[in-house]
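# A structural walkthrough
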Amino acid sequence: MGRKGFVRPIAVIGITFLFTLLTASALPLPFNIGIAAFCMTAALLISLIKPLRTPKLALVLITAAIALGTLSIHTYFNYLPAAKLDKQHKAVTGTVTDLSVSGKGKQVLTVRLDNEIIQTFRPVKIRLYLENSISIRVADRISANTYCYLPSEQYGLYFPQDSAKADGVYLYGYVREGNLTVTPDDSFHLSRLLYQFRDSLNQKAESLFTPEEAGFIKAVLLGDKTDLSDAYYRNFTHTGVVHLLTVSGLHFVILSQFVIRTLKAFRLKRKPRYAIGMAIIVLFMGIAGFQPAVCRAGFTLLLFYGAKLFNRDSDALTSLGLVGLVFALVNPYLVLGLSFQLTYLSTMGILLFASKIQSFFVQKWKRKHPFWIWASDLLSVTLSATIATLPVTAYAFQGMAILAPLWNIVLSPLFTVVLVVGLLTLVLAFLPYLSMIAEVLAAFLTLCIKAIDGITALGTKIPYSYLPLGYRFVYFWILGTIILLFFTFRYCNFRFKYSLTALLSAVLLAGGIITHAVVYRDVLNIAVCTVGTDTAVLMNCREQSILFRCNSLISRLSDSNGIQTFPVVAESGSVTTLQELSQYAAIGTVITEDAIPPDSISCQKIIKPDNYDIRSGEELQIKVRTQNEKVYYIIEYGETNIIIGEYNEQFAAYHQTGKENIYILVKDCNMVFEKPVDYVIMLGGINNEMIANHPDIQIVDGTVQGITPVLVHKNGSVKIKGAGKWLY
């Protein structure tokens, strides 16, 4: 292992371990066990046959085998016993570890269950949603009669199961009023102290800023996105700077480097500079509540700066690999969380690319002024984090912000000011005689936040600046880039090999974007979106959309796919979510029988259903028909005829012979269809009688939680992709 060229073994082990966990999480348990045995056997054979020639390969195989075994053990002995409680009533007892509020205003408790409840080798957490709020503290004991279930609300490729498991939460639960008992614990608990500190910071932020600005400050400084407005999140996503909203290594590097370089400008010696930088990192970790995602990035930089402080040789990639390995051994599901992926990749990107990008700015442009060096350092950090997180953001948000590098360059100075001044503001707000200074700084921060909001809002209005991508293509693009890097590293020796690799990867990405746009140009995407008992249907082709009802998934789906225009909304569904949607999307005609005040929704007009036709662009035409107090919607698209309503004789009369007919039924139906139909979407659910009456019909159950996509081509061909899949 000491062979020449074999460097950074801990970094290789850590990164291999994490990458293997991420890959194995998508595979079944028996397959992972088999692959682990294969990797270990292959490593032993290689070590026996060629012990000196291939030490790297043997190390990688052993690491992969251990990673697969670790995930398999946690799955079999920890997750599967907890999953057996899905859809069961259970009396649970445990200790409260966190308090929060859901998007619907319900109080949420994260509880570490007692070992007697579920027999596992590590404590299992459950997230309880309470029917009514109660007075409770972190570290208090609770006992509750709970309806347990697995997270099932799917709204993209990052499922809540993954996010919850990354936090160590394997179950959700619902507790009705009167079914929960609290046993107060008045002894000292560090977790309670940290929660009270974070709660105090939240209150200070809310007192210094307006609700929207406070939500932004809490997201970038405290890692709490609960109150972050949809408009901020959408604008940051579409301009390619959404990673700035996740407390990650980027935040730590910006803060610490700003402090260290500022102190260097004042001629402070090296050791005190790094000591103060480390203190800033610990302070920021405390303000963010020492959350696992925050600690990972913080500990990495602490190891790196600690080596500088004590005059020891340090390697940042080794520190990063070691920290990732330790955290993943404790919870292998950690790699599934979007926050962890953005944090780890942004930190890795900064370590790999920041110095090279800064050298390019300084040396190529031949500007060595201290201010330019300071500015180029900040720009290089932001750009390197953007480059490293590009695969994850493209995969997670199903799109590509073409002008992301430009917006990162423009926003990085403002964002640095928000981080530094925001941290100083929250600290001063706790000091009795300096709170007035905090108010002045808060007023300055408000101007900066408004400037950031204005720039990102402007970026979203530029045509074709955000283009959708298919997740399958993202798979192939990432795989193709990895193959390119391997061959470049292994077989190429010319000077600009990495620049050529980056260029080829960019060409591959551009080809995928263009291909995606061409292939799906004439495809009507029907998305059945279900949250609880609320079901909505979105039909989208090019830039024209028809919305049947509205719920919270519609907002997320329109954000991810860049849908900003809804010419027709049939039936309002949830008026509240429709109001939120109208704040950032252009809504044309709202067809509803509900009494909605004209000024409550930003739209062109609100009309009652009657007999009339409305055209949504050049491709979609909607016919509204009423009879006997029943409303029917007929959407024509090429050779396809879509009928929405309650099935009866009048419904059947809108069937068009010679076209592909799709029925979307708003209520249960046990009748035998009079005319031939191949596809039926049941918004009210399906039953055995319905299946027995129509064995040859493809039936979509609209009550399945999440998004069920149906793709309709102009020639009438239809493809149903199944619940939980994405539109493309």
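For the structure itself, look to the data block above.
What counts and how
- Residues numbered from 1 in each chain as written.
- Predicted model: local features only at pLDDT ≥ 70, side-chain atom pairs only at ≥ 80, totals over all residues.
- Heavy atoms only, no water.
- Helix = DSSP H or I, 4+ residues; strand = E, 2+ residues; numbered from the N terminus.
- Buried < 20%, exposed > 50% of the residue type's maximum accessible area, 1.4 Å probe, protein only.
- Contact = heavy atoms within 4.5 Å.
- Areas by Shrake-Rupley, 256 points an atom, 1.4 Å probe, with all protein chains shown as cover.
- Patch = residues over 30% accessible without salt bridge, like charges linked within 9 Å, V, L, I, M, F, W, Y side chains within 5 Å.
- Salt bridge = Lys/Arg side-chain N within 4 Å of Asp/Glu carboxyl O.
- Phe/Tyr/Trp six-rings, centres within 6.5 Å; stacked < 30°, edge-to-face > 60°.
- Lys NZ or Arg CZ within 6 Å of the ring centre and 35° of its normal.
- Pairing = 2+ DSSP bridges.
- Axes fitted to C-alpha atoms, helices over the stretch in contact; angles between N-to-C directions.
- Parallel < 35°, antiparallel > 145°, perpendicular 65-115°, else oblique.
- Left-handed = near helix turned anticlockwise from the far one by under 90°.
- Nonpolar A, V, L, I, M, F, W, Y, C, P; charged D, E, K, R; others polar.
- Expected span 1.5 Å × (residues − 1).
- Arc of directions from axis to C-beta.
- Core = buried A, V, L, I, M, F, W, Y, C linked by side-chain atoms within 4.5 Å.

A separate point is the overall build of the chain. Within the chain, the secondary structure is distributed over 21 helices and 23 strands. Scored against the burial criterion, the 728 residues of the chain give a buried share of 51%. Put simply, 57% of the contacts in the chain that link residues at least 6 apart link residues at least 24 apart. As displayed, the chain offers around 34400 Å² of accessible surface, 61% of which is attributable to carbon and sulfur atoms.

Attention now goes to a nonpolar patch on the surface. A surface patch of nonpolar side chains, about 790 Å² in accessible area, is lined by Tyr475, Phe476, Leu479, Ile483, Phe486, Phe487 and Tyr491. Residue placement: Tyr491 occurs in helix H16 (residues 471-491). Judged by its relative accessible area of 54%, Tyr491 is exposed.

So, about the pattern of salt bridges. Per the stated rule, a full pass over the model turns up 12 salt bridges. Where Asp140 meets Arg137, a salt bridge forms, and the shortest distance between an N and an O atom there is 3.4 Å. Of the residues examined, Asp140 reaches a relative accessible area of 2% and is grouped as buried. Since its relative accessible area comes to 31%, Arg137 is described here as partly exposed.

This paragraph deals with the environment of Ile66. Examined against the element boundaries, Ile66 turns out to sit in helix H3 (residues 55-83). We classify Ile66 as partly exposed; its relative accessible area is 42%.

Let's shift gears to the side chain of Asn202. Relative to the helices and strands, Asn202 resides in helix H5 (residues 190-208). In this structure Asn202 comes out as buried when scored by relative accessible area, which is 12%. Not counting residues within four places of it along the chain, the set of residues in contact with Asn202 comprises Lys218, Leu222 and Asp224.

Using the criterion set out here, one finds 22 aromatic pairs in the structure. Ring-pair connections join several aromatic residues into one group, and the members of that group are Tyr632, Tyr647, Phe651, Tyr654, Tyr663 and Phe673. A cation over a ring is seen here: Lys165 above Tyr79, with NZ or CZ 4.2 Å from the ring centre. Geometry around Phe430 places Lys204 over its ring, the cationic atom sitting 5.6 Å from the centre.

Turning next to the pairing of strand S13 (residues 586-591). The element S13 is extensively covered by neighbouring structure, given that five of its six residues are classed as buried. Here five bridges tie strand S12 (residues 565-570) to S13, and the two strands are oriented parallel to one another. Bridge pairing links Val569 to Val590 in S13. Pairing of S13 with strand S14 (residues 603-607) involves four bridges; the strand directions are parallel. Counted as the bridge partner of Ile591 is Ile607 from S14.

Interhelical geometry of helix H1 (residues 9-24) versus helix H11 (residues 316-330) gives an angle of 45° and a closest axis separation of 7 Å. When the axis of H1 is compared with that of H11, the two are oblique. Classified by chirality, the crossing of H11 by H1 is left-handed. For the pair formed by H1 and H11, the contact residues are Ile10, Ala11, Ile13, Gly14, Phe17, Leu18 and Leu21 on the first element and Leu317, Thr318, Gly321, Leu322, Gly324, Leu325, Ala328 and Leu329 on the second. A class-by-class count of the residues in the contact of H1 with H11 yields 11 nonpolar, four polar and no charged.

Counting through the fold element by element, Thr262 comes out in helix H8 (residues 249-265). By relative accessible area, Thr262 is classed as partly exposed at 26%. Along the primary structure Thr262 and Arg273 are separated by 11 residues, whereas in three dimensions their C-alpha atoms are 9.1 Å apart.

Mapping Phe340 onto the fold places it in helix H12 (residues 338-364). Taking the C-alpha atoms as reference points, Phe340 and Thr246, 94 residues apart in sequence, are found 9.4 Å from one another. With residues near it in sequence (within four places) discarded, Phe340 still touches Leu18, Arg296, Leu334 and Val335.

Turning to the side chain of Arg127, a few remarks are in order. Note that Arg127 resides in strand S3 (residues 125-130). Apart from residues lying up to four places away in sequence, Arg127 is in contact with Val108, Leu109, Thr110, Asp167, Val169, Leu171, Tyr172 and Gly173.

Look at helix H2 (residues 29-49): 30 Å from first C-alpha to last across 21 residues, which is about the 30 Å you get at 1.5 Å a residue. Among the residues of H2, Leu29, Asn32, Ala36, Cys39, Ala42, Ala43 and Ile46 are the ones counted as buried. Down the axis of H2, the sector holding all buried residues measures 145°, keeping them to one side. Residues Pro30, Phe38, Leu48 and Ile49 are exposed on H2 and point more than 90 degrees away from its buried face. Lining the buried residues of H2 we find H1 and H3.

Turning our eyes to something else, we now look at the nonpolar core. The tendency in soluble globular proteins is for nonpolar side chains to be buried as a group. Within the largest apolar cluster, 116 residues are counted, with the highest numbers of intra-cluster contacts made by Phe216 and Phe236. Setting aside its immediate chain neighbours within four residues, Phe236 contacts Phe216, Val241, Val242, Leu244, Leu245, Ile452 and Thr456. Of all hydrophobic cores here, the second largest spans 32 residues; its members include Tyr612, Ile622, Ile635 and Val700.

With that settled, consider unusual backbone geometry. One non-glycine residue, Lys87, lies in the positive phi region at around 60°. Residue placement: Lys87 occurs in the loop between H3 and strand S1 (88-101). A relative accessible area of 62% places Lys87 in the exposed class. Of note, Arg549 is a non-glycine position whose phi angle comes to about 70°, a positive value.

What follows concerns H1. Along an α-helix, residues three or four positions apart point the same way, because every turn accommodates 3.6 residues. End to end, H1 covers 22 Å across 16 residues, agreeing with the expected 22 Å (1.5 Å per residue, within 8%). Every buried residue of H1 is listed here: Ala11, Gly14, Thr16, Phe17, Leu18, Thr20, Leu21 and Ala24.

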